[in-house]
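Residue-level structural notes
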Number of protein chains: 4
Amino acid sequence: MANSRFEYVKDFEQPDVLLPNTWIVVRIDGRGFHKLSDHYAFIKPNDRRALDLMNAAAVEVMKELPDLCIAYGVSDEYSFVFHPSCQLFERRNAKLVTTIVSTFTAHYIYLWSTYFPSKPLHPPYLPSFDGRAVIYPSTRILRDYMSWRQVDCHINNLYNTTFWTMVQQGGMSNTDAEQELKGTVSADKNEILFKRFGINYNNEEEIYKKGSVLYRQYELEEPKQAPASKEDEVSLPEAQQSRSQQDKLKKLRRKAQVVVDHVDIIKDDFWERRPWILSGRPGRLPVQS
Amino acid sequence: MANSRFEYVKDFEQPDVLLPNTWIVVRIDGRGFHKLSDHYAFIKPNDRRALDLMNAAAVEVMKELPDLCIAYGVSDEYSFVFHPSCQLFERRNAKLVTTIVSTFTAHYIYLWSTYFPSKPLHPPYLPSFDGRAVIYPSTRILRDYMSWRQVDCHINNLYNTTFWTMVQQGGMSNTDAEQELKGTVSADKNEILFKRFGINYNNEEEIYKKGSVLYRQYELEEPKQAPASKEDEVSLPEAQQSRSQQDKLKKLRRKAQVVVDHVDIIKDDFWERRPWILSGRPGRLPVQS
Amino acid sequence: MANSRFEYVKDFEQPDVLLPNTWIVVRIDGRGFHKLSDHYAFIKPNDRRALDLMNAAAVEVMKELPDLCIAYGVSDEYSFVFHPSCQLFERRNAKLVTTIVSTFTAHYIYLWSTYFPSKPLHPPYLPSFDGRAVIYPSTRILRDYMSWRQVDCHINNLYNTTFWTMVQQGGMSNTDAEQELKGTVSADKNEILFKRFGINYNNEEEIYKKGSVLYRQYELEEPKQAPASKEDEVSLPEAQQSRSQQDKLKKLRRKAQVVVDHVDIIKDDFWERRPWILSGRPGRLPVQS
Amino acid sequence: MANSRFEYVKDFEQPDVLLPNTWIVVRIDGRGFHKLSDHYAFIKPNDRRALDLMNAAAVEVMKELPDLCIAYGVSDEYSFVFHPSCQLFERRNAKLVTTIVSTFTAHYIYLWSTYFPSKPLHPPYLPSFDGRAVIYPSTRILRDYMSWRQVDCHINNLYNTTFWTMVQQGGMSNTDAEQELKGTVSADKNEILFKRFGINYNNEEEIYKKGSVLYRQYELEEPKQAPASKEDEVSLPEAQQSRSQQDKLKKLRRKAQVVVDHVDIIKDDFWERRPWILSGRPGRLPVQS
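Looking up chain A in an unreviewed UniProt entry gives the name tRNA(His) guanylyltransferase, with the organism given as Penicillium brasilianum. Turning to chain A, the UniProt record has this under Function (unreviewed entry): "Adds a GMP to the 5'-end of tRNA(His) after transcription and RNase P cleavage." Its UniProt record gives chain A a comment under Sequence similarities (unreviewed entry), which states: "Belongs to the tRNA(His) guanylyltransferase family."

Along the backbone of chain A there are 11 helices and 6 strands. Each of the three principal axes of chain A carries a C-alpha extent, and together these read 65 × 65 × 40 Å. Across the 289 residues of chain A, 54% fall into the buried class. Across chain A, every contact between residues at least 6 apart in sequence was considered, and the portion connecting residues at least 24 apart equals 79%. Of the roughly 12800 Å² of accessible surface on chain A, a fraction of 49% belongs to carbon and sulfur atoms. Positive and negative side-chain charges in chain A, numbering 38 and 38 respectively, have mean positions lying 4 Å apart.

Here Ser128(C) lies in the loop between α3 (93-115) and β4 (129-136). Given the relative accessible area of 4%, Ser128(C) is considered buried. When near neighbours in sequence (up to four residues on either side) are disregarded, Ser128(C) contacts Asp29(C), Gly30(C), Arg31(C), Phe33(C), Ser102(D) and Thr103(D).

In the numbering used here, UniProt assigns the feature "domain: tRNAHis guanylyltransferase catalytic" (unreviewed entry) to residues 6-137 of chain A. Along residues 6-137 of chain A the backbone is 36% helical and 22% strand, and the end-to-end C-alpha distance reaches 40 Å.

Turning our attention to the sheet that holds β4(C). Whether parallel or antiparallel, the strands of a sheet pair through hydrogen bonds between backbone atoms. All names here are of chain C. One open sheet holds the 6 strands; their spatial order is β4-β1-β3-β2-β5-β6, and the pairing between them is antiparallel. Bordering the open sheet on either side are β4 and β6 (257-261), each of which pairs with just one other strand. Averaged over neighbouring strand pairs, the angle between their axes works out to 20 degrees when direction is ignored. Note that strand β1 (residues 23-30) and strand β3 (residues 77-82) share 6 bridges and pair antiparallel.

Looking now at the interface of chain D and chain C. Taken together, the 53 residues of chain D in the interface contact 53 residues of chain C. The junction of chain D with chain C conceals about 4500 Å² of combined surface from both sides, 65% of it contributed by carbon and sulfur atoms. Here Asp130(D) makes a salt bridge to Lys95(C), at a shortest N to O gap of 2.5 Å. Summed over the shared surface of chain D and chain C, the result is 16 residue pairs in polar contact (both at pLDDT 80 or more). Counting residues per element, the ones that place at least two in the side of chain D that touches chain C are α3 (93-115), β4 (129-136) and α4 (139-168) of chain D. Here the side of chain D that touches chain C is built from residues that sort into 28 nonpolar, 13 polar and 12 charged.

Residue and element names in this part refer to chain B. Counting buried positions along strand β3 (residues 77-82) yields 6 of 6 residues, so the element is predominantly enclosed. Residues Glu77, Ser79 and Val81 line one face of β3 and the alternating positions Tyr78, Phe80 and Phe82 line the opposite face, and both faces are buried. Two elements, strand β2 (residues 68-74) and β3, share 6 bridges in a ladder whose sense is antiparallel. When the sheet's bridge partners are listed, glycine 73 is paired in β3 with tyrosine 78. Here β2 hands over to β3 after 2 residues, with serine 75 in that stretch at a positive phi of 55 degrees.

Residues and elements named next belong to chain A. Feature annotation in UniProt assigns "binding site: Mg(2+) 2" (unreviewed entry) to the following positions: Asp29 and Asp76. Maximum C-alpha separation among the annotated residues is 5.9 Å over a sequence range of 48 residues, consistent with a single clustered spot. Filtering out sequence-adjacent residues up to four positions away, aspartate 29 remains in contact with Asp76, Glu77, Ser128, Phe129, Asp130 and Arg132. Within the element layout of this structure, aspartate 76 appears in the loop between β2 (68-74) and β3 (77-82). Residues in contact with aspartate 76, not counting those within four places in the same chain, are Ile28, Asp29, Gly30, Phe33, Met54 and Phe129.

Residue and element names in this part refer to chain C. For the structure on display, the rule yields 84 salt bridges over all chains. Taking the shortest distance from any N to any O, the salt bridge between aspartate 67 and lysine 250 comes out at 3.3 Å. One end of the pair, aspartate 67, is in the loop between α2 (48-64) and β2 (68-74); the other, lysine 250, is in helix α9 (residues 243-255), and 183 residues separate them in sequence. A residue is classified by how much of its surface remains accessible, and aspartate 67, at 10% relative accessible area, is buried. Residue class for lysine 250 comes out partly exposed when judged on its relative accessible area of 23%.

All names here are of chain A. At a minimum axis separation of 8 Å, helix α2 (residues 48-64) and helix α3 (residues 93-115) run at an interaxial angle of 135 degrees. One finds that α2 runs oblique with respect to α3. As α2 packs across α3, the resulting crossing turns out to be right-handed. Two secondary-structure elements touch here, α2 through Arg49, Asp52, Leu53, Met54, Ala56, Ala57, Ala58, Glu60, Val61 and Glu64 and α3 through Ile100, Thr103, Phe104, His107, Tyr108, Leu111, Trp112 and Tyr115.

Residues and elements named next belong to chain B. Residue proline 123 is joined to proline 124 through a cis peptide bond whose omega torsion reads 0 degrees. Its location among the elements puts proline 124 in the loop between α3 (93-115) and β4 (129-136). Although it is not a glycine, asparagine 21 sits at a positive phi angle of roughly 55 degrees. Within the element layout of this structure, asparagine 21 appears in the segment before β1 (23-30). We classify asparagine 21 as buried; its relative accessible area is 6%.

What follows is about helix α6 (residues 186-197) of chain D. Residue and element names in this part refer to chain D. Look at α6: 16 Å from first C-alpha to last across 12 residues, which is about the 16 Å you get at 1.5 Å a residue. Those residues of α6 that fall on the buried side of the exposure criterion are Lys189, Ile192 and Leu193. Looking straight down α6, one finds its buried side chains confined to an arc of 90 degrees; they lie on one side. Facing away from the buried side of α6, by more than 90 degrees, are the exposed residues Phe194 and Lys195. Packing partners of the buried residues in α6 comprise α4 and α5 (174-181).

Moving on, we come to the packing of aromatic side chains. The final tally for this structure, using the stated rule, is 88 aromatic pairs over all chains. Three or more aromatic residues link up through ring pairs in this structure, and these residues are Phe33(A), Tyr40(A), Phe42(A), Tyr78(A), Phe80(A), Phe104(A), Tyr108(A), Trp112(A), Phe116(A) and Phe129(A). Lying across the ring of Phe89(D), Lys95(D) places its NZ or CZ 5.2 Å from the centre. The positively charged end of Arg149(D) is found above the aromatic ring belonging to Trp148(D), 4.3 Å away from the centroid.

To continue, consider α9(C). Given 3.6 residues per turn, any residue in an α-helix points the same way as the ones three and four places further on. Residues and elements named next belong to chain C. Helix length check: α9 (13 residues) gives 19 Å between terminal C-alpha atoms against 18 Å at 1.5 Å per residue, within 8%. Among all positions in α9, only Gln246, Leu249 and Arg253 are buried. Down the axis of α9, the smallest arc covering the buried residues is 65 degrees, so these residues share one side. Turned more than 90 degrees away from the buried face of α9 sit Ser244, Lys248, Lys251, Arg254 and Lys255, all of them exposed. Residues of α9 that are buried in the fold lie against β5 (212-217).

With an RMSD of 0.0 Å, the fit of chain D onto chain C corresponds to turning through 180 degrees and sliding 0.0 Å along the axis. Between the two chains, the operation in question is that of a two-fold axis. Of the interface residues in chain D, 98% have counterparts in chain C that sit at the interface too, so the contact is made through matching surfaces.

Now for the nonpolar core. In terms of nonpolar packing, the biggest core is built from 303 residues, with Phe104(A), Phe104(B), Phe104(C) and Phe104(D) touching the most fellow members. Excluding residues that lie within four positions of it along the chain, Phe104(A) makes contacts with Ile28(A), Met54(A), Ala57(A), Ala58(A), Val61(A), Tyr78(A), Phe80(A) and Phe129(A).

A few words now on the sheet that holds strand β5 (residues 212-217) of chain D. All names here are of chain D. Pairing in this open sheet of 6 strands is antiparallel, and the strands run β4-β1-β3-β2-β5-β6 from one edge to the other. This sheet does not close on itself; its edge strands, each paired only once, are β4 and β6 (257-261). When the angles between neighbouring strand axes are averaged without regard to direction, this sheet yields 20 degrees. Lying over the sheet, helix α2 (residues 48-64) contacts β2 (68-74), β3 (77-82), β4, β5 and β6, oriented at roughly 30 degrees with respect to β5. The strands touched by α4 within the sheet are β1 (23-30), β2, β3 and β4, with β1 carrying the most contacts at an inclination of about 20 degrees.

With that settled, consider the state of the cysteines. Where two cysteines share a covalent bond between their sulfur atoms, that bond is called a disulfide. Inspection of the entire model under this criterion finds 0 disulfides over all chains. We note that Cys69(D) lacks a disulfide partner, and the nearest cysteine sulfur, in Cys86(D), lies 8.5 Å from it.

What counts and how
- Residue numbers restart at each chain and count upward from 1, following the sequence in its written direction.
- Whichever chain is written first becomes A and whichever ligand is written first becomes 1, with later ones labelled in order.
- Thresholds applied to this predicted model are a pLDDT of at least 70 for local features of residues and 80 or more for the giving and counting of side-chain atom pairs; totals over whole chains, interfaces and linings are not thresholded and use all residues.
- To get the side-chain values, take all heavy atoms of the structure and skip hydrogens and water.
- UniProt positions are given in the numbering used here, feature names are shortened, and annotations may be inferred rather than shown by experiment.
- In DSSP terms, a helix is any run of H or I states spanning at least four residues, a strand is any run of E spanning at least two, and both are numbered starting from the N terminus.
- Per-residue accessibility, obtained with a 1.4 Å probe over protein chains only, is compared with the maximum for each type, and a residue is labelled buried under 20%, exposed over 50%, and partly exposed between these values.
- In what follows, a contact means two residues having at least one pair of non-hydrogen atoms within 4.5 Å.
- For the accessible areas, the method is Shrake-Rupley and the probe is 1.4 Å, while residue cover comes only from the protein chains on display.
- The charge count includes Lys and Arg as positive and Asp and Glu as negative, but it does not include His or the ends of the chains.
- Positions of charges follow a simple convention, taking NZ of Lys, CZ of Arg, CG of Asp or CD of Glu.
- At least two DSSP bridges between two strands are required for those strands to pair.
- Between N-to-C directions, angles cover 0 to 180 degrees, with each direction set by a line fitted to C-alpha atoms, over the stretch in contact for helices.
- Throughout, buried area stands for the accessible area (probe radius 1.4 Å) lost by two parts on being put together, summed over both.
- We count a salt bridge whenever a side-chain nitrogen from Lys or Arg sits within 4 Å of a carboxyl oxygen from Asp or Glu.
- Each polar contact in these results corresponds to two N or O atoms within 3.5 Å; when the atoms are within protein, one needs to be able to donate a hydrogen and the other to accept it, and residues that are neighboring in sequence are counted only if both atoms are side-chain atoms.
- Asp, Glu, Lys and Arg are counted as charged, while Ala, Val, Leu, Ile, Met, Phe, Trp, Tyr, Cys and Pro are counted as nonpolar; the rest, among them Gly, fall into the polar class.
- Put simply, angles under 35 degrees are roughly parallel, angles over 145 are roughly antiparallel, angles from 65 to 115 are roughly perpendicular, and the rest are oblique.
- Note on convention: near helix rotated counterclockwise from far helix by under a right angle means a left-handed crossing. Clockwise means right-handed.
- Multiplying 1.5 Å by the helix residue count minus one yields the expected span of that helix.
- In this context, the arc is that of the directions from the helix axis out to the C-beta atoms.
- The pairing test for Phe, Tyr and Trp rings, Trp by its six-membered ring, is centres within 6.5 Å, and the orientation test on the planes gives stacked under 30 degrees, edge-to-face over 60, and tilted for anything in between.
- In our convention, an over-ring charge means Lys NZ or Arg CZ found within 6 Å of a ring centre and within 35 degrees of that ring's normal.
- C-alpha atoms of residues with pLDDT of at least 70 in both copies form the basis for the least-squares superposition of the copies.
- Residues belong to a common nonpolar core when they are buried Ala, Val, Leu, Ile, Met, Phe, Trp, Tyr or Cys residues joined through side-chain atoms within 4.5 Å.
- The criterion for a disulfide is a pair of cysteine sulfur atoms lying within 2.5 Å.

As structure tokens, then:
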């Protein structure tokens, strides 16, 4: 029984290659995590175990895909970033997105019992994630994307911290707390926390305030005087990187440790001291102590 | 700290809505399952536990997404089919594909220990899946797609059954068996199995020969005289289904049991007796005995 | 001087092949024709010369592209329809659209002086057209598209006829006429025309009421009893048409005369008597008298 | 007669907005110009009238679309370049491409008789053009695209000049000339021209060797020391340009004269002295003499 009569159906598959020489960000989001976090009784406003589980799954994704150069996570979302020179899966959109979503999900489910030993998973409450790829044509815009996520983390965390303090320590109803916070700005929330509850928001844990940044660890460098030229290198056409060069870079990246950091990624300092993230060229491995 | 300065990055997200009134097939494939099946010592040519696990995960996907009208699985791949009238996630490509890939992965990992109790999962050998969506403009072509997968199942299974019988029972080396099978047609393989090993291929298990078909179970109907008109109904514009009608249909579909079948889906009979699959309209629930 | 250093830029061209086995409609629109029609003093509400020029240009497009099976024009817009089996330019979107837009523009400019001998063209008032392709997955929806355009023609023409009669014969200001027509339905406009100006809208010229339908002329057929099966044939996969069959069909189509008709294309009759339009198979050439 | 029953067909139109902050190049090509140039007996290897006509039509396109910042033409092709900050037609692909193709075609047909007074156009030999849009994520790659076209111009012109000299002055047959040129490099062709025909290729007209560059004329500037920072400005997100700023820039651009130049655009000098092309910001208008 030959299959040739039906093979024409393959013609309906349409190409989905992402534009060359652009940054690829795959952002994934927990599906229905509001309900899920209620079901497994996540601690409000931040459940450290849940965040550590997200980070652990993301570290595994970074390790399986050396083409990834940085990732940023907050709450139940994670952004994974491929360099403009990335040629993985010929830059096919669906391949890149589904590989990340599936690998992340697999590790998240697998590691669940490590982080929530007393709360076994059971259907229909299995965690799952959706995702999408977005491309950004320049390093400036990629950095603005990263800043956007970190500012969002800050805004949401300040709100949630204030809201849940008012409810949990202040004994307010959810509705009353929501009502009072409507229209307030950051300064107002800081004041509520400090005046009423003696909480200095600045002393909250960095992981809650800044989110989590994942990258490969090399020796930090001194910020350069002329960072502009750095960005310029990034836009070198990928065509000028041979397959063997790419494989060599991949191997070097596998050797580096993936670290989880909770630091400012909006200012230049973070990027200037870790030039390998934007350049796509591995740095020097730290000397083992 | 307002986020407005960075929000322009949202403009880079591009719409990916799939053409209305077309069949959507999301096909997922195991990533690196050749290596994985070696690592966990899957039985050759078919490991019943592995297939049952695939089917169990697929059943859960069907149950979570009542918009799915049929699914077909073979080996480490599964095709999930949405009806042309489907409006789930506004038919956004990435949402549909990643939701299926992630939900499938979650259940596959979660159920692993049920099917392989003596082979615990461990990184870096965690199973994962990639996927893609393809749209088909007519019922005829959707059915040709399904036929294509089932013919593929048959071709591969006949080859694998013959190959592994020659190796396992005939004591041949992999290379010798491969060499002898080169250029053979179906009849040749049937003859090798029967003459040398006394195996009648027709007596092999249906799940291996036909793959697995999943659908919601209603009362079977008598094949109609004029099935053509049936197909015609399919192409009714989705615009004529209101949101509340859609919700009602969704509820009805949730009530039906998802069954796993191993039958011919190439001939008309399967489809004519289960008209709800192509029409998208739930049938009559079977009377409980 | 070899060009290889720069040739990588070709990788940025992205494929734009339209989904196989779908109807392709290329709709073009006059750019800034409101201003243009003022400048060349087109007669209101309908300038017969302008419509005849549109039709003449469209006939030339149909003659140059035998793959087109029907076209429909109203005012300064024209819709050109390719059959689902069309393989022209491998169904590349940009090629199909720009070829039609450019060919139409060329003939429109070339023929202008024939239809407007006393109004020579001059920059910056050169007519031009934009265009886009849309695909439709079934014959039913293609016909609904055509109906949509013809209903639009009717609605606009009834409004314009009433409006301009009120202004030109009734001596009303544009603003007053617009004001009075606000919120009126068809019956109201018919009554205004008839009661105040003795005009029976039904007696208006068909080209204004129905727009213009272009197709290749073969011998009309008797409407079939079961037109549904007809539609079914349409959806045969194009893969089953060989290149030589396609060339033969193309030649046959070139032989047929392209006619300009002003008839109802909403009801079944038009399509049933001209089955070649939807089937994509040329009919019998009319006997020469 | 309401149109609501059919309006759902509008849902089949799919968005085609080009990625923000990228260079947009619309390249158009003459359709069947080989045959056309034979029919109207264009002079070989270069017909100055035909090139001047191409340039004249392109100048009109530049004048009608002030968003265009540069154009480059060779033979029967023309590339029109929109700046990354361009918001024309919300960056809709089909709109941009068809507007340029149609406007160019209109002027080409309209101006034909000026450049070929003794060769009136007549169907079916009306010139027409197809086109497509390609986006480039950085200024470096845009410049490589421009270089690619100019190198192509050089390669083709050297070949054509040599070939036609061998045929026209050397009395060789087309086949013999083609045969002899097979496998030759630039130096070989230069030698054939010089040794056999006393022609120094360097003395050929610039328009043939370099093609035609169109841009808006402002006062030339001195090349900067650090052009890198210039490029950087280009990638500023368009979001930071308000609608009114854009309109103001559009007006300034309309005031500048569009010039036709035949110069090197591969080296930096051209771009550094005309920084307004890559920056998208109009320069100083030249003082009228």
